[in-house]
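Each chain is listed here by its residues.
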Amino acid sequence: MGWITIISIWIIPMLIAFILLYGTYKKVPTYETFVDGAKEGFSMAISIIPYLVGMLVAISVFRASGAMDFIIDSLRPILHAIGVPSEIVPLAMIRPISGTGALGMTTDLIATYGPDSFIGRLASTMQGSTDTTLYVLTVYFGAVGIRKMGDALKVGLLADIVGIIASIVIVTLVFGP
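Just so you know, these numbers come straight off a predicted model, no measurement behind them. (Residues numbered from 1 in each chain as written. Predicted model: local features only at pLDDT ≥ 70, side-chain atom pairs only at ≥ 80, totals over all residues. Heavy atoms only, no water.)

Trainee: So, the packing of helix α5 (residues 99-113) against helix α6 (residues 118-129): which residues are in play, and what are the values?
Mentor: Contact geometry for α5 and α6: axes closest at 8 Å, N-to-C directions at 160 degrees. Taken as axis vectors, α5 and α6 run roughly antiparallel relative to one another. The hand of the α5/α6 crossing is left-handed. Touching Gly 99, Ala 102, Leu 103, Thr 106, Leu 109, Ile 110 and Tyr 113 of α5 are Ile 119, Gly 120, Ala 123, Ser 124 and Gln 127, all from α6. (Axes fitted to C-alpha atoms, helices over the stretch in contact; angles between N-to-C directions. Helix = DSSP H or I, 4+ residues; strand = E, 2+ residues; numbered from the N terminus. Parallel < 35°, antiparallel > 145°, perpendicular 65-115°, else oblique. Left-handed = near helix turned anticlockwise from the far one by under 90°. Contact = heavy atoms within 4.5 Å.)

Right under this line is the structure:
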């Protein structure tokens, strides 16, 4: 077994042991603190459920309505002219909305085109270069009661657009179309 494998197997248990020992050294009631955190996490998970269901319904309606297919068909000539595969557009559109949906699309693109294909590499890079902005804003901001999220939405979507463009440019430069 290589060193990397050994380290990857032991890193999480060692980190947990270190935190517990350090907390005990600092005279923090580690078990009670853990239980309080678990209670908080459970109540947070329960409060997130309505927002999560709303987001999942919205994604399903968007996909089932044919709106995504219409947008892709409309953009296909422009994308072809600039050398961007239209197969990647659904991933770029869903990624800011749903991490699970985007992961499913990435998996499908990799299964269809292969992990070493341009589309497979682009999908993987895009998956890692963007975030689930709308999901985060809807679920987490909603759960803690933040109602004014305009600036966070603008910055998050701008970061997603930059991540998408950077993914396309870098994968094209490194791997070619």
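Trainee: Requested: an account of the pattern of salt bridges, with residues and values cited.
Mentor: All chains considered together, the criterion is met by two salt bridges. Residue Arg 76 is joined to Asp 73 by a salt bridge in which the shortest nitrogen-to-oxygen separation is 2.9 Å. With a gap of three residues between them, Arg 76 and Asp 73 both fall in helix α3 (residues 67-82), about one helical turn apart. A relative accessible area of 38% places Arg 76 in the partly exposed class. Where Arg 121 meets Asp 116, a salt bridge forms, and the shortest distance between an N and an O atom there is 3.9 Å. Look at Asp 116 and you get exposed, because its relative accessible area is 59%. (Salt bridge = Lys/Arg side-chain N within 4 Å of Asp/Glu carboxyl O. Buried < 20%, exposed > 50% of the residue type's maximum accessible area, 1.4 Å probe, protein only.)

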